[in-house]
Amino acid sequence: MQCIVNRRAQFSASHRYWFPELSEAENIEKFGACANFPGHGHNYVLFISLEGELDEYGMVLNLSDVKQVIKREVTNQLDFSYLNDVWEEFQQILPTTENIARVIYKRLSSYLPIVRVQLFEHPQLWADYMGNSMEAYLTVGTHFSAAHRLASPKLSKEENLEIYGKCARPNGHGHNYHLEITVKGEIAERTGMLVDLGALNKVVDDYVVEQFDHYFLNKDIPYFAEVVPTAENIALYISSTLREPIGELGASLYKVKLIESPNNSCEIYCNNSESNLNEATQEQPVLARL
């Protein structure tokens, strides 16, 4: 039986986004504060995913052995280091989160049956690399607070209460939503970036946070006048709203995850988000809420 196991590790390191062939002014224009001397640091959290058959002892691999490989090949070398200098790969391509994940994967693949590296630069920014050439995934997290009411204008008050329970009460209710946006793209050969992070954050802020934060969704966003703003439909709307502007940045929207509360969340994979959005405006899905 095939199984995937995950091993967590961590290291603290600094890096700087800087091209020696550019002037200081050109580097600052290109990389902003990330170009400041002598760099800046992060407490990185690393997850290594390994795949294999279960052995007679019920293990894919002895995780004690895995731990030692990760320490020897990665964390002992990177911990409390200046990443730009520590590995030769980072002298060719800048040590962005996505490129660090890619290089770690390459270095561990000779020793472990690795299928994914997930690297957190901080809790609201992480990258995933699965071994596919220069392709990687980058996720940014943000939040907004908004109110909504789960009630379809096509149904009676009694029908809405039967379907949506207390969430259909007339004055609505609110949530502190946590939003995760995952984009997919090719890591650039020189910058190490699959997308300009500042530009990506601005797109998410402009198209989502500023439009949703501290609003009553049913009344303030025309789309939700006819479509019930469940977490699923909000995520679907966000995915369709973001797909084009993220595409203009040179990446593609891969996933939208919306966390409504610690108990409720949903994920939209965005290949068909536009067609799904059109369907949602015509036929409203009925979803029970607890």
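Residues numbered from 1 in each chain as written. Predicted model: local features only at pLDDT ≥ 70, side-chain atom pairs only at ≥ 80, totals over all residues. Heavy atoms only, no water.

Draft legend 1. Just the overall build of the protein chain, in detail. Scanning the protein chain from terminus to terminus reveals ten helices and ten strands. Its C-alpha atoms give the protein chain principal-axis dimensions of about 65 × 60 × 30 Å. In the protein chain, buried positions account for 46% of the 290 residues. When contacts within the protein chain are restricted to residue pairs at least 6 apart in sequence, those whose partners lie at least 24 apart make up 70%. Taken together, the 24 basic and 39 acidic charged side chains of the protein chain have centroids lying 5 Å from each other. (Helix = DSSP H or I, 4+ residues; strand = E, 2+ residues; numbered from the N terminus. Buried < 20%, exposed > 50% of the residue type's maximum accessible area, 1.4 Å probe, protein only. Contact = heavy atoms within 4.5 Å. Lys, Arg positive; Asp, Glu negative; His and termini not counted. Charge placed at Lys NZ, Arg CZ, Asp CG, Glu CD.)

Draft legend 2. Examining the environment of Glu180 more closely. Residue position: Glu180 is located in strand 7 (residues 173-186). The buried category is assigned to Glu180, whose relative accessible area is 12%. Those residues within four positions of Glu180 in sequence are excluded, and the remaining contacts are Trp126, Thr139, Val140, Gly141, Lys255, Val256, Lys257 and Ile259.

Draft legend 3. View of the pattern of salt bridges. Taken as a whole, this structure holds seven salt bridges when the rule is applied. Linking Arg116 and Asp128 is a salt bridge whose minimum nitrogen-to-oxygen distance equals 3.4 Å. With Arg116 in strand 4 (residues 114-122) and Asp128 in strand 5 (residues 125-129), this residue pair connects regions lying twelve residues apart in the sequence. Relative accessible area serves as the criterion here: at 26%, Arg116 is assigned to the partly exposed category. Judged by its relative accessible area of 7%, Asp128 falls in the buried class. (Salt bridge = Lys/Arg side-chain N within 4 Å of Asp/Glu carboxyl O.)

Draft legend 4. View of the environment of Arg107. Locating Arg107 in the fold gives a position in helix 5 (residues 97-108). Along the primary structure Arg107 and Tyr269 are separated by 162 residues, whereas in three dimensions their C-alpha atoms are 30 Å apart. Look past the residues within four positions of Arg107 in its chain and what remains in contact with it is Gln77, Trp87 and Glu89.

Draft legend 5. How the structure looks around helix 9 (residues 231-247). Taking 1.5 Å as the rise per residue, helix 9 with 17 residues should run 24 Å; its terminal C-alpha atoms sit 24 Å apart, in good agreement. For helix 9, the principal kink sits at Thr241 and spans about 25°; a proline, Pro245, occurs within the next four residues. Residues of helix 9 that are buried: Ala231, Asn233, Ile234, Ala235, Leu236, Ile238, Ser239, Ser240, Leu242, Pro245 and Ile246. (Expected span 1.5 Å × (residues − 1). Bend = angle between axes of the 7 residues up to and from the residue.)

Draft legend 6. Looking closely at the nonpolar core. Core analysis: the largest hydrophobic core is formed by 66 residues, its most contacted members being Ile104, Ile181 and Ile238. Broken down by element, the residue count for this core peaks at seven residues, all from helix 9. Residues lining this core come from more than one domain, with at least three contributed by each of domain 1 (1-131) and domain 2 (139-289). Apart from the residues within four sequence positions on either side, Ile238 is in contact with Phe144, Leu179, Ile181, Val208, Phe212 and Val256. (Core = buried A, V, L, I, M, F, W, Y, C linked by side-chain atoms within 4.5 Å. Domains from an automatic or database assignment.)

Draft legend 7. Here's a closer look at the domain arrangement of the protein chain. Under the domain assignment, the protein chain is made up of domain 1 (1-131) and domain 2 (139-289). Between domain 1 and domain 2, the C-alpha centre-to-centre distance is 31 Å. Taken together, the contact between domain 1 and domain 2 spans 17 residues of the former and 16 residues of the latter. If you sort the residues of domain 1 by the area they bury against domain 2, Glu98, Gln124 and Trp126 come out on top, with a joint share of 40%. Linking domain 1 with domain 2 are one salt bridge. Arg190 is paired through a salt bridge with Glu21; the nearest N and O atoms lie 3.2 Å apart. The tally of links from domain 1 across to domain 2 stands at seven residue pairs in polar contact (both at pLDDT 80 or more). Among the elements of the structure, helix 1 (24-31), helix 4 (89-92), helix 5 and strand 5 are those that each provide at least two residues to the side of domain 1 that touches domain 2. In terms of residues, the side of domain 1 that touches domain 2 owes the most to one element, helix 5, which gives three residues. (Buried area = accessible area lost by both parts, 1.4 Å probe. Polar contact = N/O pair within 3.5 Å; in protein donor to acceptor, adjacent residues only side chain to side chain.)

Draft legend 8. Main features of the packing of helix 7 (residues 197-212) against helix 9. Where helix 7 meets helix 9, the axes come as close as 10 Å, and the angle between the chain directions of the two elements is 140°. Viewed along their axes, helix 7 and helix 9 form a crossing whose handedness is right-handed. Contact with helix 7, carried on its side by Leu200, Val203, Val204, Tyr207, Val208 and Phe212, involves Ile234, Tyr237, Ile238, Thr241, Leu242, Pro245 and Ile246 of helix 9 and no other residues of that element. Here the contact of helix 7 with helix 9 is built from residues that sort into twelve nonpolar, one polar and no charged. (Axes fitted to C-alpha atoms, helices over the stretch in contact; angles between N-to-C directions. Left-handed = near helix turned anticlockwise from the far one by under 90°. Nonpolar A, V, L, I, M, F, W, Y, C, P; charged D, E, K, R; others polar.)

Draft legend 9. Structural context of the side chain of Thr75. Along the polypeptide, Thr75 turns up in helix 2 (residues 63-78). Contact partners of Thr75, with chain neighbours within four places excluded, come to Ala9, Gln10, Phe11 and Ile70.

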